[in-house]
2 protein chains.
Amino acid sequence: MTPEPIKAFIARFARLPAIGPRLATRLAFYVATQGEQTIVELAAALQGLATLDLCPQCFTLKPRSETTCAVCSDPTRTPRVVAIVERDTDRMALERTGRYHGRYLVMGELPERGVLEPEHRRRLTYLADRIRRDAGGKIDEVIIAVGLHSFGDLLAGLIREEFQGLAKKITRLGRGIPTGGEIEFADEETLCAALERRG
Amino acid sequence: MTPEPIKAFIARFARLPAIGPRLATRLAFYVATQGEQTIVELAAALQGLATLDLCPQCFTLKPRSETTCAVCSDPTRTPRVVAIVERDTDRMALERTGRYHGRYLVMGELPERGVLEPEHRRRLTYLADRIRRDAGGKIDEVIIAVGLHSFGDLLAGLIREEFQGLAKKITRLGRGIPTGGEIEFADEETLCAALERRG
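Each chain carries its own residue numbering, running from 1 in the written order of its sequence. Note on labels: chains are lettered from A, ligands numbered from 1, in written order. The model is predicted, so local features are restricted to residues of pLDDT at least 70 and side-chain atom pairs to those at 80 or more, both for listing and for counting; the totals for chains, interfaces and linings are taken over all residues. No hydrogens and no water enter the side-chain calculation; it runs on all heavy atoms of the structure.

Whether two residues touch is decided by their heavy atoms; if any such pair falls within 4.5 Å, the residues are in contact. Taken together, the contact pairs 51 residues of chain B with 51 residues of chain A. By convention, the term buried area covers the 1.4 Å-probe accessible surface removed from two parts as they join, with the contributions of both added. Counting each side, the surface lost to burial between chain B and chain A is near 4500 Å², with a carbon and sulfur contribution of 78%. Sorting the residues of chain B by area buried against chain A places M1, L46 and L49 of chain B first, and these three jointly supply 14% of that buried surface. By salt bridge we mean one thing: a side-chain nitrogen of Lys or Arg within 4 Å of a carboxyl oxygen of Asp or Glu. The interface formed by chain B and chain A includes 4 salt bridges. E109 of chain B is paired through a salt bridge with R26 of chain A; the nearest N and O atoms lie 3.8 Å apart. Two N or O atoms form a polar contact when they lie within 3.5 Å of each other; inside protein one atom must be a possible hydrogen donor and the other a possible acceptor, and for residues adjacent in sequence the pair counts only when both atoms belong to side chains. Linking chain B with chain A are 2 residue pairs in polar contact (both at pLDDT 80 or more), by the criterion used here. The helix and strand labels rest on DSSP assignments: H or I over at least four residues marks a helix, E over at least two residues marks a strand, and numbering proceeds from the N terminus. For the side of chain B that touches chain A, the secondary-structure elements that each account for two or more residues are α1 (4-13), α2 (20-34), α3 (36-48), β1 (52-54), β2 (61-63) and α4 (88-97) of chain B.

Let us now look at the sheet that holds strand β5 (residues 139-144) of chain A. All names here are of chain A. The criterion for strand pairing is that DSSP finds at least two bridges linking the strands in question. Strand order across the open sheet formed by 4 strands is β4-β3-β5-β6, with parallel pairing between neighbours. Among the strands making up the open sheet, the edge pair consists of β4 (103-106) and β6 (167-172). Averaged over all neighbouring strand pairs, the angle between strand axes comes to 20 degrees, with direction disregarded. As judged from the 4 bridges shared by strand β3 (residues 81-85) and β5, these two strands associate in the parallel manner. As a rule, the C-alpha atoms of each element are fitted with a line to give its axis, helices using only the stretch in contact, and angles between N-to-C directions run from 0 to 180 degrees.

Backbone geometry follows two general trends: most residues other than glycine have a negative phi, and most peptide bonds adopt the trans configuration. The phi dihedral of A18 of chain A is positive, around 65 degrees, even though this residue is not glycine. Although it is not a glycine, F59 of chain B adopts a positive phi angle of roughly 70 degrees. Counting through the fold element by element, F59 of chain B comes out in the loop between β1 and β2. With a 1.4 Å probe rolled over the protein chains alone, any residue whose accessible area is under 20% of its type maximum counts as buried; one over 50% counts as exposed, and the rest are partly exposed. A residue is classified by how much of its surface remains accessible, and F59 of chain B, at 7% relative accessible area, is buried.

Next up, the structure:
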């Protein structure tokens, strides 16, 4: 009863993160009733993504036509400090602060938190090898900028092991009350950290 | 800093219902890192929607190659009972019951509840005209199958006015406790309706 193209759209879009069958269904009918112009625009926006690939140094998305990403090719960004993030969007958030002047390593999203896939390990090893080869075996700092949840703690442990001896400091983003955060809604662990780091 | 194609994707997809900038950003990076095959599949699924148009009788989405939708072209479905729904997905829900054998009129989604656009009115008038012209001025029943929220009540009033004298009965879907619904969580209006309709 439901037209095939609607079913096909739902089947494919439902597999995207945070979409699922319900939203995919809503989108299918919405888009189909918006007419051809909308479809052309959306398809063009999608196909534009095919002009991107990963920076060979930090695995950030970059235009295929450029050798490395904007940060890696910026001579004012020190290669002696590297922040390890999970996603491009984490990297974007750090860039928005305007306070970070080092480089990055994007590990790639961990589909099920708790599982480090070969690709994630490959990227960490690649950075370690580059430090050994191009940076005289030691950089100034590795910043572990992954989420402060329990899997993040596990991950931080793994990263620490990998970079032991390859950086003067291995640090992690500070835990504390977020700006605008209510004390009463903070969990105990955050509050303890906030107390310890008070000042 | 963010590559243009990512920005363009976010700008366009954020305008879809229930997507917004946050999810559009997540999708952009997700899709871009999945590689070309994923992009090709998603674009094909999108473009498939362009092969659909609206049934000229009930405004349901149908393959462009067919004259009317599957329900309107089914001789076992009586044109003397018409259910007026807001969305194709509401129509799908009624079809799934397997208990409805009449036809439909899809009004089109009301973007801001409370506002009836000219297109919605045009479709209602079109049905009224068809009843006058092709059905001897009166059908058996118009079922108002719109949501049972306060705007639905307003809408039901408008529909009742439009079809006054054009149907032997103008009914509305029954209000009551949903299957599996907890009595204690039902709102008062629903409970009152459930009491009145008990049996």
